[in-house]
Every structure is written in structure tokens, then in C-alpha cells.
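The residues making up each chain are set out below.
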Amino acid sequence: MHSREFYRMLAVMLALTAAAAIGQSLVWGVPGMVAALLLGGALTALAVVYTLRRYRRIGQLSEYLAQVYTGGQPPRLSGQTPGELSALQDDLYKITSILQQQAAALEADKRFLADSLSDIAHQLRTPLSAILLQCDFLREELPPGEAEEGLAQIETQTGRIRWLVEALLRLSRLDAGVVPFEKKEHPARQVLQRAAGGLAEFYLKRGVELQADCPEGLFCVCDLEWTAEALANLLKNAAEHTPPGGRVRVECSCQALYFEFRVQNEGSAIPEEELPRLFERFWRGASASPGSVGIGLPLARSIARGQQGDVTAENTPEGPLFRLRLFR
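As the structure is a computational prediction, the values presented were derived from the model and not from experiment.

Undergrad: Before we move on, could you go through the overall build of the protein chain and cite the residues and values that matter?
TA: Secondary structure summary: the protein chain contains eight helices and seven strands in total. A buried classification covers 34% of the 328 residues belonging to the protein chain. Nonlocal contacts in the protein chain, meaning residues at least 24 apart in sequence, comprise 69% of its contacts between residues at least 6 apart. For the protein chain, the exposed surface amounts to about 19900 Å²; the carbon and sulfur share of it is 60%.

Undergrad: Which residues make up the packing of helix 7 (residues 224-240) against helix 8 (residues 296-306), and what values go with them?
TA: Axes are the key here: two packed helices are described by the angle between their axes and the distance separating the axes. It is the contact of helix 7 with helix 8, at a shortest axis distance of 9 Å, that shows an interaxial angle of 150°. Taken together, the axes of helix 7 and helix 8 lie roughly antiparallel to each other. Our pair here, helix 7 against helix 8, has a crossing hand that is left-handed. In contact with Trp226, Thr227, Glu229, Ala230, Asn233, Leu234 and Asn237 of helix 7, helix 8 contributes Gly296, Leu297, Leu299, Ala300 and Ile303.

Undergrad: So what about the packing of aromatic side chains? Which residues, and what values?
TA: Under the definition given, this model contains four aromatic pairs. Here the aromatic rings of Tyr258 and Phe327 are separated by 5.7 Å at their centres, their planes lie at 75°, and the arrangement is edge-to-face. Here Tyr258 is found in strand 5 (residues 258-265), whereas its partner Phe327 is found in strand 7 (residues 319-327), with 69 residues between them in sequence. Exposure remark for Phe327: the relative accessible area of 36% places this residue in the partly exposed category.

Undergrad: Please give an account of the pairing of strand 5 that cites residues and values.
TA: Where burial is concerned, most of strand 5 is hidden: eight out of the eight residues are buried. Along strand 5, one buried face is formed by Tyr258, Glu260, Arg262 and Gln264 and the opposite face, lined by Phe259, Phe261, Val263 and Asn265, is buried too. With seven bridges connecting them, strand 4 (residues 247-254) and strand 5 associate as antiparallel partners. Bridging across to strand 5, Val248 finds its partner in Asn265.

Undergrad: How would you sum up helix 7? Please name residues and give values.
TA: The end-to-end C-alpha separation of helix 7 is 24 Å, in line with the 24 Å expected for 17 residues at 1.5 Å each. Counting buried residues in helix 7 gives 15 out of 17 residues, a clear majority hidden from the surface. Structurally, the start of helix 7 carries an N-cap: the backbone nitrogen of Glu225 is 3.3 Å from a side-chain oxygen of Asp223.

Undergrad: Describe the sheet that holds strand 5, and please don't skip the residues or the numbers.
TA: Read across the sheet, five strands follow the order 2-4-5-7-6 without closing on themselves; strand pairing throughout is mixed. Only two strands of the sheet have a single neighbouring strand rather than two, namely strand 2 (209-213) and strand 6 (309-316). When the angles between neighbouring strand axes are averaged without regard to direction, this sheet yields 15°. Here strand 6 pairs with strand 7 via eight bridges, running antiparallel. Paired with Glu314 across the two strands is Leu321, which belongs to strand 7. Here helix 5 (residues 188-197) sits on the sheet and contacts strand 2, strand 4 and strand 5; the angle it forms with strand 5, its principal contact strand, is near 40°.

Basis of the calculations
Residues numbered from 1 in each chain as written. Predicted model: local features only at pLDDT ≥ 70, side-chain atom pairs only at ≥ 80, totals over all residues. Heavy atoms only, no water. Helix = DSSP H or I, 4+ residues; strand = E, 2+ residues; numbered from the N terminus. Buried < 20%, exposed > 50% of the residue type's maximum accessible area, 1.4 Å probe, protein only. Contact = heavy atoms within 4.5 Å. Areas by Shrake-Rupley, 256 points an atom, 1.4 Å probe, with all protein chains shown as cover. Axes fitted to C-alpha atoms, helices over the stretch in contact; angles between N-to-C directions. Parallel < 35°, antiparallel > 145°, perpendicular 65-115°, else oblique. Left-handed = near helix turned anticlockwise from the far one by under 90°. Phe/Tyr/Trp six-rings, centres within 6.5 Å; stacked < 30°, edge-to-face > 60°. Pairing = 2+ DSSP bridges. Expected span 1.5 Å × (residues − 1). Polar contact = N/O pair within 3.5 Å; in protein donor to acceptor, adjacent residues only side chain to side chain.

Given below as C-alpha cells:
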């Protein structure tokens, strides 16, 4: 029992009992003092028992709320005589029942959305794959140089649509909480190589150099594929905002509480008014590249937070800096 009010009440009751005993001893002598002590002690004991029962009941209600908060299924508390705590208990049951029903309905809606997007993505993959195959076929059949530009445009735009569909599918799965992250210890270099492997041509086309500082012996606990996906989105975003001839620098470090990837580019500073909205879905800043749809950064943050991590952005004298942190 650590309640200050309880000890204050006990002290007051004992002080009143002592004062009454002293007063009675002056008037009635020893018999009066004994009677006052017995009566005061009995009243104090009754008050203590009553207070302890109320505190125990309040503790049960607090435990019930804690179990509801953590997503458990707490047993129904035993009934009690009508009173303030009984009314409070009934109100808590009503509120928690409504919240559990709403949470169940929200979970069902999220799973329905994830399943629907999965079905849509599956239906779109087939025609997109067919279009890309036709592009390859036509490129082989047409004379050299004929319609190359048109086919390249079709291929580029189809690739963008396919990437967007897959990114939306990933976001929906992350929102629905159906992604089973397999957190294992991996070399940090392996994560970085997996992330940068598919961006070599993109960096080459933009004339941007990628520099990595990731020493041997550094390990991070994460889901390899998903973390590489998040890091790849940060690397792609950095390249899009780096002028030709510039460079993107990636550094790795291991702290006591977290592992961190730092991605820094040599582009212009991010406007301060845009920083709070940088990770909003489908939001595009004033300096966004023409092909951007506002998915990459939100996807990176969702992946990190799904692994108890985070992605943040800030301006530094050397250029914008993004941090991907995975907490231990």
C-alpha cells in the first residue's frame, strides 16, 4: 500500500483516538481512557478495512483496463453492492465493450482492404506482364530503330504502374498488420548491398555516385528483405534529389539502443515547412521529381515502424539526411 491518502487518514484517526483518550482520562480517569481507546481503535480498524477493500477494488479495475489496453480478454469482475465503484465498473464495461467492437470492426476492415488490394494487384499483374512481353516481342520484330522511342515509353510507364501497384499492396499489408517480420541478425553490409543492388542502373543514368561506409563486423537485427526495401526507397529518393555529378553517402553505426543507417545527399535543403509532411502518403513537395507519386518515403517509414524502428529526416550543412533506425 503506497497511497499517501491512506496513511494520512490513518494518522488522523490515530491522532483523534489519542486526543479522545487523553480527554477522557482527565474527566473519567483510566476507565474513560480505556473506553476511548477501544472505541477509537474499533472505528480506525473499520475505516482501514473499508478503505483497503475500496483500494483492492480500484486495483482490480486498473488491472482490467491494463489487460484491455494490451489487447487481452480480461475476465468479468465479480459484482458488488451498489455504490460509486459499482457505477464506475458498469461504465468501464460499457466503454471497453464498445471499444473492443470498434477495434474488431476496424481490424476486419483493414484485412478486407488488404485482401481487396491483393486481388486487384494480382489482376493487374497479368496484363502488365503481357504488355511488357509484347514490348520485348515488338522490339525484336521491328527493324532496328523503328518505334524504339514509343516502345521505350510504353515499357517505362508500364514499369512505373507495376511498381506503384506493388508498393500500394505492401502498404496495405503493413497497415493491416499481416506482415510477418522475420527479425534475425544480418551483416549490415548485406542489407546495404541488397538495397543498392537494384539501383545501380538508376544511379548511372542520373550521374550520381553512391558511397558507402559500412565497416565489417557490424550486424543489425531486422527482416532482411523488408529492411532492404526501406533502405532502397531512401537511396532512390536521395538520388532523385542529387544533381548530376553529385554523390549519395550511406553510413552505418551501432549504438546501445539502436542500429542506424544514415543516407545523405548533396541536394538542396528540404524547406522547413515540408519536413512535417515528408512522410505523408501521396504528398509531393515542391522539389519532387516528375515521376514521384509520394509512396517511397511513407513505405520506408511503415516498414521501419513495423520492426519497432523509425525513419526521420533533417537538414544538415552537408545536405538532407535521412536516418533509418532499428531499435534493439
